[in-house]
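Chain by chain, the residues run as shown.
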Amino acid sequence: MTTTPQTTAQAAAGATPQATPQAAVQPRTAIRTLTADEVAAFRAAVRADLPAAEASGASPVHAFVLAHTLADATVRDLAAAEPEPVSVVHLGQDIRIEQPLLPGERITVALDVAGARREPRGTRVAVRARLTGADGTPRAELLTSALLMGAAAIVPFGQIPAPAAPAPSGGAGEPSAAEHRLTPAWIRGYAHASGDLNPIHLDDRAAKDAGFPGVIAHGMSVLALAVEEIADRYADGDVTRVTAVSGRFSAPVVPDVPLAVELAPDADRTLVRFTCRTPSGIAVKSGWAQLAGRRP
């Protein structure tokens, strides 16, 4: 799934005549092997202007990275029957980790489209992915919400699940905040580490053609950065203690502007709500992360 608006003209042009929306909603699977180098490179890219991580381990956002290629192909196939190219806008992301992703694991990604509904600006779709280990043990579940701008050929079906944040276990804890400036180099580093090479993150002309002032950051890169800040401040630097993360994407983040990550934990530090904002407004809203206790 693309993390920001993306034109699907090339995908539609390359689709086979059989690639109809009806075919696209069939469940799909893929096998991915998670390597230690990929895990390290991803976290190093996200933490480029943070100190080195105190503990190793895969970010929960890496589950999205593993599912991205299959999800992206599915959404492109959904849009292939449209008479005109559409843009895909990533609206929201929910990730739940059942067991930490381990380097060297062979992961099966099983994906299906939960539903599609017509909206004034196009068609909203919900894509669900489940990750399992080689022994069949659940590792993660993801729900991606996206809007296919201008799409009108997809027949509505299924349901769009409503994400629900867990209730805080106690009163409010001590809030905190961090400020970052995502440079073009930081954005390029995330693009290559995540495998999301959408030109709007890498090329000013492509970004301007898509209606942006220039390159923009991946929405998921902002979510991943918030996860690292939460792990550092509330989980002793252990990112694998972040067992769930959720956020709605409100506006793009352009390079070299202040990005404030505002964190509000509960008293027990088991739930951290967060907002990411720039001077132009909120970029990620309704964010929350759930934390597990210290691991033995």
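Residues numbered from 1 in each chain as written. Predicted model: local features only at pLDDT ≥ 70, side-chain atom pairs only at ≥ 80, totals over all residues. Heavy atoms only, no water.

**Overview of unusual backbone geometry**
- Positioned with a positive phi, D236 is a non-glycine residue whose angle comes to about 55°.
- Looking at the element boundaries, D236 is found in the loop between α7 (219-234) and β8 (242-249).
- Phi is positive for R269, close to 55°, though the residue is something other than glycine.
- Assignment of secondary structure puts R269 in the loop between β9 (258-265) and β10 (271-278). (Helix = DSSP H or I, 4+ residues; strand = E, 2+ residues; numbered from the N terminus.)

**As for the packing of helix α3 (residues 36-46) against helix α5 (residues 184-194)**
- Relative to each other, α3 and α5 sit at 160°, their axes nearing to 9 Å. Taken together, the axis directions place α3 and α5 in an arrangement best described as roughly antiparallel. Of the two elements, α3 crosses α5, and the hand of that crossing is left-handed. Where α3 abuts α5, its residues A41, F42, A45 and V46 lie against W186, G189, Y190, A193 and S194.
- For the contact of α3 with α5, the class distribution of residues is 7 nonpolar, 2 polar and no charged. (Axes fitted to C-alpha atoms, helices over the stretch in contact; angles between N-to-C directions. Parallel < 35°, antiparallel > 145°, perpendicular 65-115°, else oblique. Left-handed = near helix turned anticlockwise from the far one by under 90°. Contact = heavy atoms within 4.5 Å. Nonpolar A, V, L, I, M, F, W, Y, C, P; charged D, E, K, R; others polar.)

**Describing helix α4 (residues 62-79)**
- Helix length check: α4, at 18 residues, gives a terminal C-alpha distance of 26 Å against a target of 26 Å (1.5 Å per residue), a fit within 8%.
- With 15 of its 18 residues buried, α4 lies for the most part within the structure. (Expected span 1.5 Å × (residues − 1). Buried < 20%, exposed > 50% of the residue type's maximum accessible area, 1.4 Å probe, protein only.)

**Things to note about the side chain of T240**
- Topologically, T240 is positioned in the loop between α7 and β8.
- Classification of T240 as buried rests on a relative accessible area of 13%.
- For T240, the side chain forms a polar contact with the side chain of D238, separated by 2.6 Å. (Polar contact = N/O pair within 3.5 Å; in protein donor to acceptor, adjacent residues only side chain to side chain.)

**Overview of the pattern of salt bridges**
- Considering all chains together, one arrives at 15 salt bridges under this definition.
- Between D72 and R76 there is a salt bridge; the shortest N-O distance is 3.2 Å. Pair noted here: D72 and R76 are both in helix α4, with a separation of 4 residues, about one helical turn.
- The class of D72 is buried, set by a relative accessible area of 12%.
- Judged by relative accessible area, which is 29%, R76 ranks as partly exposed.
- Across the pair R277 and E262 runs a salt bridge whose closest N-O atoms are separated by 2.9 Å. Of this pair, R277 sits in strand β10 while E262 sits in strand β9, and the two are 15 residues apart along the sequence.
- The exposure class of R277 is partly exposed, given its relative accessible area of 32%.
- Taken together, the salt bridges that share partners define one network made up of R43, R47, E228 and D232. (Salt bridge = Lys/Arg side-chain N within 4 Å of Asp/Glu carboxyl O.)

Read these as layout, nothing more, since geometry by itself doesn't imply function.
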